[in-house]
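Topology and contacts: notes
Residue strings, one per chain:
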Amino acid sequence: MTKLRVGLLFGGRSGEHEVSISSARAIANALSADQNTAKYEILPFYIQKDGRWLAGDTPQQVLKSGTPQQLPDSTLPSTHSESSVAKTQTLSPWQSPSQVAEVDVWFPILHGPNGEDGTIQGLLTLMQVPFVGSGVLGSAVGMDKIVMKTIFAQTGLPQVKYKALNRGQIWSNPCVFPKLCDEIEATLGYPCFVKPANLGSSVGIAKVRSRQELEAALDNAASYDRKIIVEAGVVARELECAVLGNDSPKASVLGEITYNAEFYDYETKYTEGKADLLIPAPVPEAVTRQIQEMALQAFAAVDAAGLARVDFFYVEATGEVFINEINTFPGFTATSMYPLLWAHSGVSFPELVDKLIQLALERHSVPTRE
Ligand SMILES: Nc1ncnc2c1ncn2[C@@H]1O[C@H](COP(=O)(O)OP(=O)(O)O)[C@@H](O)[C@H]1O
Ligand SMILES: [Mg+2]
């Protein structure tokens, strides 16, 4: 049987470069495990932090060591002759390594902007090769918290009160800014959460309790993104549900995140031992069913495909459930919530990556009229 060549695309320009490497290592291991060994051949492509793509030896080394690499510019091939591209091929972001042509199916293992947001998905769509996960629309909608919330609202999914702002309102007009802060205080109150609309991993997010903190947080968030969202804070348990499939997706058991911190910030997310995952989440059966249903609705609403993790706030005191966000390429390391939720739902890590590749092929094979 000829093996299917799977292009692993990892690293990338977002702040989640290191997480992407960890996810890629776990996925590469799973593609070499059990029955997958006979089915798949891995072709790794590493995107450096500056956006340049590498094929060949360096991606293998990054996968093995788990540490990012940045080749100095002097190692760039001065010509594109055969000899200069023999070992590690490094090219400008708009030039792809020649090995790209050998890939049968892509596995874009990229979190955050320039990877989980529809950009890579657009490139792969133009290349007319199947790829794992959501297409351009689902990825783009899932990345932008303001567009995502607008669509969730339209779908009737309950969420916390929020206000969308842009950088211009925060930075360029000294008369508008105080009014804006007055309005946030009146409609959302404290504590509230200030977030750049298009990041992830809690980068640039602040929980604020006073006018002074609000002003500083808005200014800081505006330095990350043109679009900013401010949300009313809730005191709630954080529950997550994994979704797998294309047009008839399934929802997993729920997981709960617990931690000792003001909120689930970057440090708590990525420091070993700072947060615990409880699977299945110890919540009433009715809450589980409600959240699974909402997760599937959210998946369809943003036009996601393949996989997504949908995150919720559960206010135990009142029984209310609010949707927080959908992540179209959630963390996928050996200890990440997404694969663990499936493991508890009866799908092992190797089975999960196999299933995702099959879903990518299925989606690609459906004929479309253009
Ligand atoms: N409205 C809110 N009320 C309470 N906690 C929140 C709220 N919004 C965010 N948080 C906290 O901040 C964390 C990160 O926010 P989130 O919107 O999920 O950003 P990211 O996309 O970076 O994960 C959440 O997991 C939660 O702990
Ligand atoms: Mg989150």
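Conventions used here
- Residues numbered from 1 in each chain as written.
- Chains lettered and ligands numbered in written order.
- Predicted model: local features only at pLDDT ≥ 70, side-chain atom pairs only at ≥ 80, totals over all residues.
- Heavy atoms only, no water.
- Pairing = 2+ DSSP bridges.
- Helix = DSSP H or I, 4+ residues; strand = E, 2+ residues; numbered from the N terminus.
- Axes fitted to C-alpha atoms, helices over the stretch in contact; angles between N-to-C directions.
- Contact = heavy atoms within 4.5 Å.
- Near = heavy atom within 4 Å.
- Polar contact = N/O pair within 3.5 Å; in protein donor to acceptor, adjacent residues only side chain to side chain.
- Areas by Shrake-Rupley, 256 points an atom, 1.4 Å probe, with all protein chains shown as cover.
- Expected span 1.5 Å × (residues − 1).
- Buried < 20%, exposed > 50% of the residue type's maximum accessible area, 1.4 Å probe, protein only.
- Arc of directions from axis to C-beta.
- Phe/Tyr/Trp six-rings, centres within 6.5 Å; stacked < 30°, edge-to-face > 60°.

A look at the sheet that holds strand 9 (residues 227–232)
Strand order across the open sheet formed by 4 strands is 6-9-7-8, with antiparallel pairing between neighbours. With partners counted over all chains shown, the strands left at the sheet margins are strand 6 (162–166) and strand 8 (206–208), one partner each. Taking each pair of neighbouring strands and ignoring which way they run, the sheet shows an average axis angle of 25 degrees. Here strand 6 pairs with strand 9 via 5 bridges, running antiparallel. Within strand 9, the residue paired with Asn166 across the bridge is Lys227. Lying over the sheet, helix 8 (residues 176–187) contacts strand 6, strand 7 (192–196) and strand 9, oriented at roughly 165 degrees with respect to strand 6. Across the face of the sheet, helix 9 (residues 211–224) comes into contact with strand 6, strand 7, strand 8 and strand 9 while running at roughly 20 degrees to strand 7.

Looking at the side chain of Ser20
Relative to the elements of secondary structure, Ser20 occurs in helix 1 (residues 17–31). Contact partners of Ser20, with chain neighbours within four places excluded, come to Phe10, Gly11, Ile109, Leu110 and His111.

Focus on the site of ligand 1
Lys145, Lys195, Ser202, Glu238 and Lys269 are the nearest of the 20 residues found near ligand 1. Contacts to ligand 1 include Lys195, whose side-chain N or O atom sits 2.6 Å from an oxygen atom. Side-chain polar atom of Asn324 to an oxygen atom of ligand 1: 2.9 Å apart, as the coordinates give it. Considering ligand 1 on its own, with 550 Å² of exposed area, one finds that the protein chains cover 95% of that surface.

Describing helix 8
When the terminal C-alpha atoms of helix 8 are compared, their 16 Å separation across 12 residues agrees well with the 16 Å that a helix rising 1.5 Å per residue should span. Residues of helix 8 that are buried include every one of Phe177, Leu180, Cys181 and Ile184, and no others. All buried residues of helix 8 lie within an arc of 95 degrees about the axis, which places them on one face of the element. Projecting away from the buried face of helix 8 at angles above 90 degrees are the exposed residues Lys179 and Ala186. Structurally, helix 8 contributes buried residues whose contacts are with strand 6, helix 7 (167–171), strand 7, helix 9 and strand 9. Residue Gly189 follows helix 8 closely and has a positive phi angle near 70 degrees.

Quick look at the packing of aromatic side chains
With the rule as written, the count across this model stands at 10 aromatic pairs. With a centroid separation of 5.0 Å and an interplanar angle of 50 degrees, the aromatic rings of Phe45 and Trp106 are classed as tilted. Of the two residues, Phe45 is situated in strand 2 (residues 40–47) and Trp106 in strand 5 (residues 105–109); the sequence distance between them amounts to 61 residues. Side by side, Phe45 and Trp106 carry an identical accessibility label, which is buried. Feature note: the residues Phe107, Phe329, Phe332, Tyr338 and Phe349 constitute an aromatic cluster, connected by ring pairs.

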